[in-house]
Amino acid sequence: MNPSHAVRGFEFDANLIRKYDGFGPRYTSYPTADRFHAGFTAANYVDALGARVDEVRPLSLYVHLPFCNTVCFYCACNKVITANRGRSAKYVRYLGREIDLVSSLLEGERRVSQLHWGGGTPTFLAHDEMADLMRMLRDAFPFADDTEASIEIDPRKVDTGTIAFLRELGFNRVSFGIQDFDPAVQRAVNRIQSEEETRSVVTAARANGFASINTDLIYGLPLQTVTGFAATLDKVIGIAPDRIALYGYAHVPHLFKAQRQIDAGALPQAETKLAILSTAIDKLTCAGYVYIGMDHFAKPGDELALALAEGKLHRNFQGYSTRPDCDLIAFGMSAIGKIGRNYVQNEKTLDAYYGALDQGRLPVFRGYALDDDDVLRRHAIQKLMCEFRLDFAELAETFCIDAREYLAVERVALAPLAADGLVTLTPSAIEVTPRGRMLVRTVAMAFDRHLREARERASYSRVI
């Protein structure tokens with residue numbers, strides 16, 4: 001463990017990471033999306049949109065733009081690989097239908113606080129298509145003057161003129177994919193991207209006044225080495241993005257067809273992957289980046305770091321966020337939204353998405369309506385993931401419960417984690433220690449009733 005990590009609010013303990021390494025939710029929602037079911041229908045979504053609420057929350061809008069003209073082998077996004085640029089024009093027309101349907105049903109004057117376009121490759125759309133889409137959104141919803149408007153960009157697919165155009169459309173935050181600058185790694189994942197073209201679009205974003213620039217990196221890709229990824233990190237630090245997301249690659253080719261193109265034998269061994277992560281943390285924190293949580297880093301002056309320091313950090317489907325909890329309205333195939341106590345996910349294929357809208361109905365594939373226990377656990381997990389502390393008095397006041405008694409099972413489940421120094425348990429609170437912050441997902445899993453019940457069913461399955 002590097003002592004410098006503790007100074008910056010967390011500790012990297014390789015032995016504990018080895019011990020608790022395993023599959024687990026990222027908790028961008030609770031319950032997690034694998035709990036959504038088809039019993040939640042378009043009619044339920046209509047009811048949720050039209051429900052009157054005492055507290056009118058601001059809106060966050062997400063638009064899923066699935067098209068890419070090339071495939072990155074590691075990608076786990078819901079995407080459509082095509083060279084036919086004409087397909088996006090039809091998609092934008094159908095987005096317009098969905099936007100009109102949703103906005104006509106939504107109860108109350110709800111101002112947009114956040115907007116995010118993800119993919120896929122959002123800039124697959126032609127300029128006039130992007131302008132039409134932004135106009136449709138602004139015609140349907142009132143936007144706040146300080147709306148955070150972000151877009152994901154593949155640096156290989158844009159020029160400086162497109163960056164200027166996006167700023168004119170109203171985007172003020174941008175996220176660039178990098179993953180790794182090592183040419184051998186890039187060839188292995190079918191994503192050839194030079195430092196020069198990346199630096200060019202980042203420079204253009206700064207010149208056009210984008211408030212925050214994020215870059216995505218992935219460790220655990222085929223042919224990666226500690227030395228090679230260290231060189232990538234040096235280049236990224238030289239580019240100096242405001243935020244860096246450092247994701248671990250999960251190789252699940254049975255779930256994502258594109259990953260079958262990756263040679264599993266070329267993936268780094270567990271010890272190498274851990275050494276890459278340790279090196280990345282050293283370099284980023286020594287370069288002045290603040291560890292936000294899980295896999296996110298930000299410059300001290302970035303809004304994300306300020307939100308962490310002020311206790312205003314939030315977590316949603318896009319990861320860590322600077323704004324208080326919003327209702328999230330999501331548009332496009334496979335997009336997931338949240339309104340009140342309800343999660344809703346759209347149809348996962350273009351044909352099903354188009355078919356529903358052709359019938360004049362919302363393209364709902366599945367969803368979930370939270371009960372009182374779900375709402376309480378969502379609140380608790382949010383506190384742990386964002387503030388690294390769960391205060392029993394606050395929980396008791398918010399939900400009118402005896403928090404210590406209500407969470408008796410969870411406190412027992414946390415005892416081994418406390419023994420390992422990941423959490424501190426007191427009569428008044430549960431606190432994630434600096435040693436536990438990198439394993440906060442493991443802490444949160446102790447509060448996941450659905451996960452616990454699924455494990456119990458798996459442990460005691462029928463023998464005949």
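These numbers were taken from a predicted model, which means no experiment stands behind them.

### What to know about the environment of Glu98
Then, number 1: Mapped onto the elements of the fold, Glu98 is located in helix H4 (residues 87-105).
Then, number 2: Judged by its relative accessible area of 1%, Glu98 is buried.

### Remarks on the layout of surface pockets
Then, number 1: When its volume is computed, the second largest pocket comes out at roughly 560 Å³.
Then, number 2: Taken together, 32 residues make up the lining of the second largest pocket; nearest its centre are His314, Arg315, Asp325, Arg378 and Gln382.
Then, number 3: Secondary structure elements with two or more residues in the lining of the second largest pocket: strand S11 (314-316), helix H13 (372-387) and helix H14 (392-399).
Then, number 4: Per-element accounting of the lining of the second largest pocket gives the leading share, eight residues, to H13.
Then, number 5: In terms of residue class, the lining of the second largest pocket is built from twelve nonpolar, eleven polar and nine charged.

### Focus on unusual backbone geometry
Across residues other than glycine, the phi torsion is negative in most instances, and most of the peptide bonds are trans.
Then, number 1: Between Tyr30 and Pro31 the backbone carries a cis peptide bond, its omega angle lying at -10°.
Then, number 2: For the bond from Gly119 to Gly120, the omega torsion is 15°, close enough to zero to count as cis.
Then, number 3: Summarising the element assignment, Gly120 is placed in the loop between strand S4 (112-119) and helix H5 (127-140).
Then, number 4: Phi at Met294 is positive, roughly 50°, even though this residue is not glycine.
Then, number 5: Of the residues examined, Met294 reaches a relative accessible area of 8% and is grouped as buried.
Then, number 6: Even without glycine at this site, Cys400 takes up a positive phi of about 55°.
Then, number 7: The residue Cys400 is located in the loop between H14 and helix H15 (403-406) in this model.
Then, number 8: Note on Cys400: relative accessible area 72%, which makes it exposed.

Rules behind the numbers
Residues numbered from 1 in each chain as written. Predicted model: local features only at pLDDT ≥ 70, side-chain atom pairs only at ≥ 80, totals over all residues. Heavy atoms only, no water. Helix = DSSP H or I, 4+ residues; strand = E, 2+ residues; numbered from the N terminus. Buried < 20%, exposed > 50% of the residue type's maximum accessible area, 1.4 Å probe, protein only. 1 Å grid on protein atoms, 1.4 Å probe; cavity = no way out; pocket = protein on both sides within 12 Å on 5 of 7 lines; lining within 4 Å. Points joined across faces, edges and corners; volume = space filled by probe spheres on them. Nonpolar A, V, L, I, M, F, W, Y, C, P; charged D, E, K, R; others polar.

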